[in-house]
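Notes for the structure review
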Amino acid sequence: MSTLHRHYDPCRGAVPAPGAQEGRGDPAPTTNRRSPVPATVSHEEPQLDGYRDLAPAKVSFSKWNELFERIPLDAIAGFRYYRDCPADWSTYLFPPCTYSAYGARHLKRLQFDNGLAAWRLWSFLLSESERLFRARQVGKSVVATSGDLGVLPVLVSGFPNAVPFYPDCHWATPFLGESSVLFDAAQRYGLGENACFSRASLGAAFKGAYFPEPALYLCASGATCDDFHAVMDLIQWSGRRVHWFGIPHCRDAGVHAASNGHPAHDAVNRRYLVQQLERAAQVLSQALQQPWSPTQLQDAIARVNRLRATVDRLRHLTFSAPRAPLPAVEAYYAEYALLHYYGDLEECQRVLDHLLATVEQRVRAQQGVLQEDALKVVWVSPTPDPRVLDFWESLGGRVVGTEYLNRQSLLPLRTDVPPLEALAEALLHGSLFGTTRRRTGTVLEQCYRYGAQGVIISSTFGASHCAAETGLLAYLVKRAGLPVLHFEVPFTGAQLSGQVRTRLEAFAELLRGRS
Amino acid sequence: MYEPIERLQAQAQAYVSEHAERGVPLVGYIYGFAPPELLRACGAVPVRVRIAGGYEAQHTGQQLTQGNTCTYCKAIVGSARSAPLDRLALLVSDGLCEALRRAGEVWDVRFGRAVHTLSVPRVGNEETLRHYVAELGALREAVCALTGRAFDEVRLREEIQRSNQVRALLRRVNRFRTENPPRLTASELWALAAAAELLPPEQAIEPLQCLCAELEKRTPLEGPRKRLLLLGSFLAQDDRALVDLIEQGGGQIVCDALLEGQGTFWRDVSAEGDPLQALAAHALEGSWHILRPHEALFQYLEAQREAMKVQGIVYKTLEFCDPWSLQAKRIKMQTKAPFLHVDGDYSPAHRQQLRTRVEAFLEML
């Protein structure tokens, strides 16, 4: 731990900052309220003397580089991952230009939340690749999970010193780096443009520079992504150790045919999933050479539930506050932290606690990063290109609900049943594994709760589930009386697709005309 | 078409129409994960959804789905309101892939049609079999609720036994297409198998026995022919154009790795033990296409190549059929055989281009 003893309170109000410079709006009232960050975490947090966030705003890449100079150096040294390791190399808070120089060119085109907590989140996620290599260096086992979005990493976290990650998430790497090199690598193995952007993970696996060789690939199969299935087939063919994990399709209760919602169906699926999880735990135990323990899994569930509760509160405040306290991109990455905690569950909790404290403070102070009359939409399906969310906000839009295919990672895991059953139940509620009708229900529920004026579905060209589901989802939303925009996010390198811009602009006009 | 096969086709169509008019529920299925024996034992008439008029149906379906959805699934959606699928009382959608699962849901949501989505496992282990048996149990109850009939296990056992007889006869017929020169083309065999599966086994057995006898006397086709193995996406009615081009160009598909082709008769269902378990095991054993890890697919391909003296592989994929098209390169690299990959939709516009490719491939062999 660095020698930081000075006081830092992320909940304090904004610094009075005269002038009309970017991100320096009217000063907000200063408050002495303490951070609600739980004591178990806050006592490990670096203390900052005199640092205070500016009035919340979205700022450019260059502006954040300037703002970064305001952060005391000793505080920077205090933001560390793997704090159980004595090494001093695990700091991750660097200015945007550093990450950009290391390949995240896309940062230059984005607008960011100007709060320290938000940039801490960015830094934490941008340093994930490095962290996974470091994990190996300090004797942790890295396990690749895929296709289930948020449940298998809990199982992996039940093993001490095991670090889960999703190679699938490298679907965004070509966008972030504005480079098609990973797509080109996948193309050599037959995964071209008719496959989802997750094909980039094949290139990442084969190049060996994006994540270390995992001890095991744990891949969901069945009612899930067909594209990633193909990626994993090729990874297995290359000789890597893959364990397939079956996820059944979940029919709805009470839908049309007599068989749908058959009462035994849920019980049958639950039993099957528990068996699949037991088998996966055994395989993990062999691969990691550690015994599997339900008690340790229960502990992991408790830690993950805490993170899920943090994100749940963060989402609710972000979506419900009169002024958006957090931009959509940062909210998206906070939500996606629940997938695999960006390689360090404990530090991830601290990062999100910090972010939540900032958001709570902003809500209390009635501050936000967007206008109060912003056009509210629920955003459906994750986007590999964060610029579309950013661009929507630049048009006067706001995201007040999401369905990023991750419902299974948002819901709290049950603690009153055996731990494998709790994981099985989370999978039964997964976005991908059930019907479109059920997924639409999640979307509409948020529309009504947060007063959304429309729904935006950003789908991925080549992604099997997007192609198969989006038309139906859009139909069901329209049938409920809400305007819906659907577009595909193409890979366009440095420029955001003109077509996407035009369609978002037209949708904003439409919503404005209706309001 | 060979006249005895035409006769059987007509008989099968008449059977289905007659039962539909009498109000017997027609239950559509796709790959066979909903075993026809089970559907019959529940009092329904099983009809495999092979889709006729695919190009038009594909376009209709595209308006209700997305352009980049699998061609076959678009055609299923587009056929919901037209004959013969408009007569189905229930569609059993094999939840093999995302597109199939959602195509079934489009039927349900957009047209109010009854759909049962089967959760077809894709991981091969013991739990998988148990889960699939339970899925068949749920299907059984759904179909019995539809027909209003009580499930009759004795009848199911009889159906299995008689269906095994049909399978044995089809395997016998299959031998005529593996000769060089053959006495039966692959398209004739598939037409025959399609007709036979529409009929109840007791009505198919005798015509098939007669056909075997007639084939013994049939003059072999012009030959010798290049011996090919076919695999890939679902072989629908409109894909037969590819098979015709191969046969016209001097090729013969002597074996296939299609669930809706050779897969329909390749092995018997065990007559021992619990019949649902036997049906589930039969379906999964023949599912090397979809189960992971799928080394079994490559073992099967290797065994077929050797046994059938295969000279080349034709790999047919439908546009946006991800489970098959994304494997094309691997299969080509791993099989190391002369390989023709044909990817397309049901459009007739590319027919001449396809002819050129097929002819060039056959010449190369």
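Residues numbered from 1 in each chain as written. Chains lettered and ligands numbered in written order. Predicted model: local features only at pLDDT ≥ 70, side-chain atom pairs only at ≥ 80, totals over all residues.

**Considerations on the overall build of chain B**
Stated formally: Strands are runs of DSSP state E lasting at least two residues, helices are runs of H or I lasting at least four, and both sets are numbered from the N terminus onward. Each residue is classed by its C-beta neighbour count within 10 Å, where at least 20 other C-beta atoms makes it buried, 12 or fewer makes it exposed, and intermediate counts make it partly exposed; the C-beta atoms are placed from backbone geometry. We call two residues in contact if the C-beta atoms placed from their backbones are at most 7 Å apart.
A tally of helices and strands in chain B yields 15 helices and eight strands. Expressed as lengths along the three principal axes of its C-alpha atoms, the size of chain B is roughly 55 × 50 × 40 Å. When each of the 365 residues of chain B is scored for burial, the buried share is 55%. Across chain B, every contact between residues at least 6 apart in sequence was considered, and the portion connecting residues at least 24 apart equals 75%.

**Quick look at the interface of chain B and chain A**
Here is the rule we go by: Here the nonpolar group is Ala, Val, Leu, Ile, Met, Phe, Trp, Tyr, Cys and Pro; Asp, Glu, Lys and Arg are the charged ones; every other residue, Gly included, is treated as polar.
Each partner contributes residues to the interface: chain B has 46 residues there, and chain A has 49 residues. Broken down by secondary-structure element, the contributors of at least two residues to the side of chain B that touches chain A are α5 (98-111), β4 (115-118), α6 (126-147), α13 (322-325) and α14 (328-335) of chain B. Tallying contributions element by element places α6(B) first for the side of chain B that touches chain A, with ten residues. Considering only residue class, the side of chain B that touches chain A consists of 21 nonpolar, 13 polar and twelve charged.

**A short note on the pairing of strand β3 (residues 88-94) of chain B**
All names here are of chain B. Operational definition: Two strands form a pair only when DSSP identifies at least two bridges running between them. For crossovers, right-handed means that the path from the first strand over the helix to the second runs clockwise, given strands pointing away from the viewer.
The buried count for β3 comes to six of seven residues, which makes it a mostly enclosed element. Bridge analysis of strand β1 (residues 26-29) against β3 gives three bridges, and the strand direction is parallel. By the bridge assignment, V27 is partnered in β3 with L90. Inspection of the sheet shows β3 paired to β4 by four bridges, in the parallel sense. Its bridge partner being in β4, V92 is matched across the sheet by H116. Each parallel crossover has a hand, and the one from β3 via α5 to β4 is right-handed.

**Here we look at the sheet that holds strand β5 (residues 226-232) of chain B**
Residues and elements named next belong to chain B. So the rule is basically this: Each axis is a line fitted through C-alpha atoms, and for a helix only the stretch in contact is used; angles between axes span 0 to 180 degrees, taken between their N-to-C directions.
If you trace the four strands from one edge of the open sheet to the other, you get β6-β5-β7-β8, paired in parallel fashion. Among the strands making up the open sheet, the edge pair consists of β6 (251-256) and β8 (339-344). Averaged over neighbouring strand pairs, the angle between their axes works out to 30° when direction is ignored.

**A short note on unusual backbone geometry**
Both trends apply: most residues other than glycine have a negative phi, and most peptide bonds are in trans. Here the bond from A83(B) into P84(B) is cis, since omega is 0°, no more than 30 degrees from zero. Mapped onto the elements, P84(B) comes out in the loop between α4 (71-78) and β3. P181(B) follows N180(B) through a cis peptide bond whose omega is 0°. Note that P181(B) resides in the loop between α7 (153-178) and α8 (186-198). Notably, Y342(A) is not glycine yet its phi reads approximately 50°, a positive angle. Along the chain, Y342(A) falls in the loop between α14 (328-340) and α15 (345-364). Residue Y342(A) is classed as buried on the basis of its 24 C-beta neighbours within 10 Å. A positive phi angle, close to 65°, is found at F320(B), a residue other than glycine. Note on placement: F320(B) falls in the loop between β7 (312-318) and α13.

**Here's the deal with the sheet that holds strand β2 (residues 45-48) of chain B**
Residue and element names in this part refer to chain B. The sheet built from four strands is open, its strands ordered β2-β1-β3-β4 with parallel pairing. Both edges of this open sheet fall to β2 and β4, since each of them pairs with a single strand only. On average, adjacent strands in this sheet sit at an angle of 25° to one another, irrespective of strand direction.

**Observations regarding helix α6 (residues 128-137) of chain A**
Residue and element names in this part refer to chain A. When we look at burial in α6, the residues that qualify are S129, R131, L132, R134 and A135. Where α6 is buried, its residues meet β3 (141-146) and β4 (162-165). Positive backbone phi, approximately 85°, marks G139, located one or two places after α6.

**What about the nonpolar core?**
How we decide: Remark: nonpolar core denotes a set of buried Ala, Val, Leu, Ile, Met, Phe, Trp, Tyr and Cys residues whose joining runs through C-beta atoms within 7 Å.
Core analysis: the largest hydrophobic core is formed by 281 residues, its most contacted members being L423(A), V455(A) and V27(B). Ignoring any residue separated from it by four or fewer positions in sequence, one finds V455(A) in contact with V377(A), V378(A), V380(A), V443(A), C447(A), V477(A), L482(A) and V484(A).

**Quick look at helix α5 (residues 116-126) of chain A**
Residues spaced three or four apart along an α-helix point in a common direction, a consequence of the helix completing one turn every 3.6 residues. All names here are of chain A. For α5, the buried fraction is high: eleven of the eleven residues fall into the buried class. Within the span of α5, buried status applies to L116, A117, A118, W119, R120, L121, W122, S123, F124, L125 and L126. Structurally, α5 contributes buried residues whose contacts are with α2 (61-68), α4 (96-101), β2 (111-113), α6, α14 and α15.

**Remarks on the pairing of strand β5 (residues 216-222) of chain A**
Residues and elements named next belong to chain A. Across the seven residues of β5, seven count as buried, placing the element largely inside the fold. Here β5 shows no split at all, with L216, L218, A220 and G222 on one side and Y217, C219 and S221 on the other all buried. Where β3 meets β5, four bridges bridge the pair, whose relative direction is parallel. Paired with S146 across the bridge in β5 is C219.

**Re the packing of helix α1 (residues 3-21) of chain B against α8(B)**
Residues and elements named next belong to chain B. Quick reminder of the rule: For classification, angles of less than 35 degrees are called roughly parallel, those exceeding 145 degrees roughly antiparallel, those between 65 and 115 degrees roughly perpendicular, and all remaining angles oblique. By definition, any crossing whose near helix is turned counterclockwise from its far helix by less than a right angle is left-handed, and any crossing with a clockwise turn is right-handed.
Contact geometry for α1 and α8: axes closest at 8 Å, N-to-C directions at 30°. With respect to α8, the element α1 is oriented roughly parallel. Relative to α8, the crossing made by α1 is left-handed. Packed against α1, whose contacting residues are I5, L8, Q9, A12, Y15 and V16, the element α8 presents E188, A191, L192, A195, A196 and L198 at the interface. Classifying every residue of the contact of α1 with α8 gives ten nonpolar, one polar and one charged.

**As for the environment of L116(A)**
Structurally, L116(A) can be placed in helix α5. Excluding residues within four positions of it along the chain, L116(A) makes contact with D53(A) and I71(A).

**Points about the confidence of the model for chain A**
We apply this condition: Note: pLDDT gives the predictor's confidence per residue, expressed from 0 to 100.
Overall, the prediction assigns chain A a mean pLDDT of 89, with 89% of residues at 70 or greater. Within the model, the stretch residues 1-43 of chain A combines pLDDT values under 50 with 88 contacts to residues more than four positions away or in other chains.

**Side note on the confidence of the model for chain B**
For chain B, the mean per-residue pLDDT works out to 92, and 99% of the residues sit at or above 70. For this predicted complex, the interface score ipTM comes out at 0.93, while the overall pTM is 0.92.

**Points about the packing of α4(B) against α5(B)**
All names here are of chain B. For the pair α4 and α5, the least separation of the axes is 9 Å and the interaxial angle reads 10°. What the angle tells us is that α4 and α5 run roughly parallel. Along the contact surface, α4 presents C73, I76 and V77, while α5 presents A99, L100, A103 and V106. Here the contact of α4 with α5 is built from residues that sort into seven nonpolar, no polar and no charged.

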